[in-house]
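Chain residues, written in single-letter form:
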Amino acid sequence: MILTLLDVANHIGTMGIADRSHVYCGKMQGNTEKCIGVYNLSGSRDKRETIGGDKNSSYRVKTVSLLVHWNKDSEQTEMTADRLYQAVGHIRDTSMGRKRVLFVRLLTDNPVDVGTDDDGIYEMVIEAEFYYERQEEKENEV
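So, here is what we can say about the structure in this document. (Residues numbered from 1 in each chain as written. Predicted model: local features only at pLDDT ≥ 70, side-chain atom pairs only at ≥ 80, totals over all residues. Heavy atoms only, no water.)

Turning next to a negative patch on the surface. Taken together, the side chains of Asp-73, Glu-75, Glu-78, Asp-82 and Asp-113 define an acidic patch exposed on the protein surface. In this fold, Glu-75 is placed in helix α2 (residues 74-89). The class for Glu-75 is exposed, based on a relative accessible area of 52%. (Patch = residues over 30% accessible without salt bridge, like charges linked within 9 Å, V, L, I, M, F, W, Y side chains within 5 Å. Areas by Shrake-Rupley, 256 points an atom, 1.4 Å probe, with all protein chains shown as cover. Salt bridge = Lys/Arg side-chain N within 4 Å of Asp/Glu carboxyl O. Lys, Arg positive; Asp, Glu negative; His and termini not counted. Charge placed at Lys NZ, Arg CZ, Asp CG, Glu CD. Helix = DSSP H or I, 4+ residues; strand = E, 2+ residues; numbered from the N terminus. Buried < 20%, exposed > 50% of the residue type's maximum accessible area, 1.4 Å probe, protein only.)

Below is the structure:
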């Protein structure tokens with residue numbers, strides 16, 4: 001069983017930073033202000049190898065990009081992105097969906113400013129690795 005973007009989005013929605021209805025997986029709906037997008041982190045990373053293969057690994061890693069798409073005030077956007085950055089960085093031993101997340105490793109020193117969208121809404125990105133407990137896969141699950 002894998003940790004999904006929906007698992008992460010549902011957890012982000014409980015943090016009190018953005019309303020759960022404004023936390024999106026994969027694609028944001030329109031240009032709604034004060035929302036957070038949860039995406040698979042693009043780019044290649046080295047595959048983690050465990051001696052004896054994956055069956056001997058006790059955890060898996062989900063790489064995620066969080067897009068804070070906030071408003072036309074750069075300072076408010078930066079402060080909100082920092083709140084999310086701090087909250088995500090403090091995740092330890094918690095449940096997300098039916099998975100146990102051990103911890104989150106942030107991949108940058110702070111949220112990354114990516115400028116504004118076409119409507120002038122400021123955006124910042126947080127890249128993170130979610131380390132979660134590996135569960136035995138059932139034969140009929142893919």
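Here strand β4 (residues 92-96) pairs with strand β5 (residues 99-106) via 4 bridges, running antiparallel. Following the sheet pairing, Thr-94 is matched in β5 by Val-101. Two successive antiparallel strands, β4 and β5, enclose a turn made up of 2 residues, where Gly-97 displays a positive phi of approximately 65°. In this sheet, strand β7 (residues 122-133) lies alongside β5 in antiparallel orientation, the contact comprising 5 bridges. The residue bridging Arg-105 from the neighbouring strand is Glu-129, located in β7. (Pairing = 2+ DSSP bridges.)

With respect to burial, helix α1 (residues 5-12) is a largely interior element, 6 of its 8 residues being buried. Of all the residues in α1, the buried ones are Leu-5, Asp-7, Val-8, Ala-9, His-11 and Ile-12.

Applying the stated rule across the entire model yields 4 salt bridges. A salt bridge links Asp-93 to Arg-100; the nearest nitrogen and oxygen atoms lie 2.6 Å apart. One connected set of salt bridges, linked through shared partners, spans Asp-93, Arg-100 and Glu-133.

Note on aromatic pairs: each is described by the distance of the centres and the angle between the planes. As enumerated under the stated definition, the model contains 2 aromatic pairs in all. Ring geometry for Tyr-59 versus Tyr-131: centroids 5.6 Å apart, planes at 45°, classification tilted. Highlighted residues: Tyr-59 in strand β3 (residues 59-69) and Tyr-131 in strand β7, separated in sequence by 72 residues. Relative to Tyr-131, the ring of Phe-103 has its centre 4.5 Å away and its plane inclined at 10°; by these criteria the two rings are stacked. Of this pair, Phe-103 sits in strand β5 while Tyr-131 sits in strand β7, and the two are 28 residues apart along the sequence. Through a chain of ring-to-ring contacts, the aromatic side chains of Tyr-59, Phe-103 and Tyr-131 assemble into a single cluster. (Phe/Tyr/Trp six-rings, centres within 6.5 Å; stacked < 30°, edge-to-face > 60°.)

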